[in-house]
Amino acid sequence: MPTINSPSLQQPELAKLKNYLISIVNREMENNPPSPENRQKAVTQIIQQGYQSLKIQLPNAVRDQIFREIFDEMLGFGVIQPLLEDPSISEIMVNGVDKVYIERKGKLVKTNLVFEDESQIVRLIDRIILPLGRRVDGDTPTVDARLPDGSRVNAVVRPVAIDGPNITIRKFQKDKLGVDKLVEFGSMSQVMANFIKACVVSRLNIIISGGTGSGKTTLLNVLSSFIPEDERIVTIEDAAELRLQQDHVVRLETKPADLDEKHSVTIRDLVRNALRMRPDRIVVGEVRGGEALDMLQAMNTGHDGSLTTLHANTPRDAISRLETMTLMAGMDLPIKVIREQIASAIDVIVQQSRMRDGSRKVTSICEVAGMEGDTVVMTEIYRFEQTSQDDEGKITGEHRPTGIRPLFTPRLEASGFKLGPEVFGANLSEMLSKTRR
């Protein structure tokens, strides 16, 4: 038992007390393992008994804080547990022992949280990934995983992480955002929302393009919610994040290689397998490599209505990224053939952007209209036009149609969506006045 001076404890002594109580909990849990449903109660009792045996009297606030930290360490995720419980935080970034950042309302803020040492960060990473059968070490220094609540985790350790272990957590939002909320937040207009819904129901192939943290997965969730209930959906992801509300959903997730570097299952493997599962829709969380070719071939062979995301800053960049990723499949295809595949497979590109003020907006919706020579032709249907930025940096603007009606309009009408000319920006009063003349 450590020597502890009471009643006024300094920080090193508090740390010593905390570690001592943790060792008691670990020993008791090993000697008398409780059932999973009684684990929480058992840990609480052991902490209290261990504290009482020391016969010290701490201020209630200090005692409760130590108990909470031990509880988080044993049953939660230690130092970052309070951040995980804060609904206003969307992302957590551990850059080092004393460099813990959060994203709140689109802004990055440094917290005052501190880890004891690098080994505590590594233990936290192990606690996250071991239940999933994954590992991270010098030979496999990066890992993707998810928390029990669905939050996405990426961890990097030495030697790749030069300054020490690093954790990035994209938090799972418990309150599912619907399209009404996106309209309310100004991410898109109601007219755009109606148009996108028509595109999804009419089984157009849609790509959501955007940068890191721009809200692509959130938007993919919203678009997926428009898929009719009577369709069979297969979702494919690296780490399962999508939350589809339909009943008939098959969720597939990649598997990393085992210890002998074998038996991995990649996104590409899952896309190929999904084609044998009689899907009405294939939803891929994100395409990053050679699976882009398999997606394009699926879209071109009757699997209409597929949805996916990719990293790109503009719709035109998204086309270039698709070309590059298709070449990564290892097929020696001429660039013109690849572009023809893209032009015939993709119908719509939705560009999602994170603005300078931290807000997320759909900044463009483009139709992939076909080929003209060796070039993929794109037509912008809607765009976001920024009008001002106030002293606090808040951006204001307007989502506007360009006035161009897409070539796939007959497909929308065949599915029951009669979109009038005003949806695409035509001014009816001007049209009528011209007709009278």
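Residues numbered from 1 in each chain as written. Predicted model: local features only at pLDDT ≥ 70, side-chain atom pairs only at ≥ 80, totals over all residues. Heavy atoms only, no water.

Chemist: Quick one: what's the story with unusual backbone geometry, residue by residue and with numbers?
Modeler: Residue P159 is reached from R158 by a cis peptide bond, and omega for that bond is 5 degrees. Positioned with a positive phi, K55 is a non-glycine residue whose angle comes to about 55 degrees. Along the chain, K55 turns up in the loop between α2 (39-53) and α3 (60-75). Unusually for a residue other than glycine, R203 sits at a positive phi of about 65 degrees. (Helix = DSSP H or I, 4+ residues; strand = E, 2+ residues; numbered from the N terminus.)

Chemist: Give me the lowdown on the side chain of Q351, citing residues and values where you can.
Modeler: Tracing the sequence through the fold places Q351 in strand β12 (residues 348-354). Using a relative accessible area of 2% as the deciding quantity, one classes Q351 as buried. At 2.8 Å, the side chain of Q351 and the side chain of S209 are in polar contact. Looking at Q351, its side chain comes within polar contact range of the main-chain oxygen of N313, at 3.2 Å. Those residues in contact with Q351, other than ones at most four positions away along the chain, are S209, G210, A312, N313, T314, P315, K361, V362, T363 and S364. (Buried < 20%, exposed > 50% of the residue type's maximum accessible area, 1.4 Å probe, protein only. Polar contact = N/O pair within 3.5 Å; in protein donor to acceptor, adjacent residues only side chain to side chain. Contact = heavy atoms within 4.5 Å.)

Chemist: How would you summarise the nonpolar core if you had to cite specific residues and measurements?
Modeler: Formed by 35 residues in total, the largest nonpolar core has its most connected members in M188, F195, I206 and I365. The set of elements that each furnish at least two residues to this core consists of α6 (179-184), α7 (190-201), β7 (206-210), α8 (216-224), β12, β13 (360-372) and β14 (375-389). A per-element tally of this core places α7 first, with seven residues. Residues contacting M188, with those up to four places away along its chain left out, are V179, L182, V183, A193, I196, L219, V362 and H399. If you look at the next biggest cluster of nonpolar residues, it comprises 33 residues, including I207, V287, I319 and I349. (Core = buried A, V, L, I, M, F, W, Y, C linked by side-chain atoms within 4.5 Å.)

Chemist: Kindly report on helix α12 (residues 335-345), identifying the contributing residues and their values.
Modeler: Every buried residue of α12 is listed here: I338, I342, A343 and A345. For α12, the elements touching its buried residues are α10 (291-300), α11 (315-327), β13 and β14.

Chemist: Residues and numbers for the packing of aromatic side chains, please.
Modeler: Under the counting rule described, the total for this entry stands at four aromatic pairs. Each ring, one from F195 and one from Y382, has its centre 5.3 Å from the other, and the planes form 55 degrees; the classification is tilted. With F195 in helix α7 and Y382 in strand β14, the pair connects residues that are 187 residues apart, well separated along the chain. On the basis of an interplanar angle of 90 degrees and a centroid distance of 5.9 Å, the ring pair of F195 and F424 is categorised as edge-to-face. Note that F195 is positioned in helix α7 and F424 in the loop between α13 (409-414) and α14 (428-436), a separation of 229 residues in sequence. A single burial state applies to F195 and to F424, both of which are buried. Linked through ring pairs, F195, Y382, F408 and F424 together constitute an aromatic cluster. (Phe/Tyr/Trp six-rings, centres within 6.5 Å; stacked < 30°, edge-to-face > 60°.)

Chemist: An account of the pairing of strand β11 (residues 307-311) is needed here, citing residue identities and associated values.
Modeler: Burial analysis of β11 places four of its five residues in the buried class, which makes it a mostly covered element. In terms of strand pairing, β7 meets β11 through five bridges, oriented parallel. The residue of β11 that forms the bridge with I207 is T308. Here two bridges tie strand β10 (residues 281-284) to β11, and the two strands are oriented parallel to one another. In the strand pairing of β11, V284 is matched with T308. (Pairing = 2+ DSSP bridges.)

Chemist: Break down the packing of helix α1 (residues 11-31) against α2 for me, citing the residues and quoting the values.
Modeler: Interaxial distance between α1 and α2 falls to 9 Å at its minimum, and their mutual angle equals 130 degrees. Put simply, α1 runs oblique to α2. Crossing angle aside, the handedness with which α1 passes α2 is right-handed. Contact with α1, carried on its side by L21, I24, V25, E28 and M29, involves R39, V43, I46, I47, G50 and Y51 of α2 and no other residues of that element. Partitioned by chemical class, the residues of the contact of α1 with α2 number eight nonpolar, one polar and two charged. (Axes fitted to C-alpha atoms, helices over the stretch in contact; angles between N-to-C directions. Parallel < 35°, antiparallel > 145°, perpendicular 65-115°, else oblique. Left-handed = near helix turned anticlockwise from the far one by under 90°. Nonpolar A, V, L, I, M, F, W, Y, C, P; charged D, E, K, R; others polar.)

Chemist: Give me the lowdown on the sheet that holds strand β6 (residues 166-170), citing residues and values where you can.
Modeler: With respect to topology, six strands assemble into an open sheet ordered β3-β2-β1-β6-β5-β4, the strand pairing being antiparallel. Unpaired on one side and paired on the other, β3 (107-110) and β4 (142-146) mark the two borders of the sheet. Strand-to-strand twist of the sheet, defined as the mean angle between neighbouring strand axes without regard to direction, takes the value 15 degrees. Looking at chain direction, strand β1 (residues 89-96) and β6 are connected through four bridges and run antiparallel. Bridge pairing links E91 to R170 in β6.

Chemist: If you had to explain the sheet that holds strand β8 (residues 233-237) to someone new, which residues and values would you point to?
Modeler: Read from one edge of the open sheet, nine strands run β9-β8-β10-β11-β7-β12-β13-β14-β15, paired in mixed fashion. A single partner strand is all that each edge strand has here, and the edge strands are β9 (249-253) and β15 (395-401). Averaged over neighbouring strand pairs, the angle between their axes works out to 25 degrees when direction is ignored. When β8 meets β9, the two strands line up parallel, connected through five bridges. Bridge pairing in β9 places I233 opposite V249. Most of the contacts of α11 go to β14, to which it runs at about 135 degrees, and overall it touches β7, β11, β12, β13 and β14.

Chemist: Quick rundown of the pattern of salt bridges? Include the residues and the values.
Modeler: In the structure shown here, the tally under the stated rule is 25 salt bridges. In this structure, the salt-bridge partner of D347 is R411, at a minimum N-O distance of 3.4 Å. Here R411 lies in helix α13 and D347 lies in the loop between α12 and β12, a separation of 64 residues in the sequence. Put simply, E380, R383, E385, E398 and R400 are held in one network by salt bridges that share partners. (Salt bridge = Lys/Arg side-chain N within 4 Å of Asp/Glu carboxyl O.)

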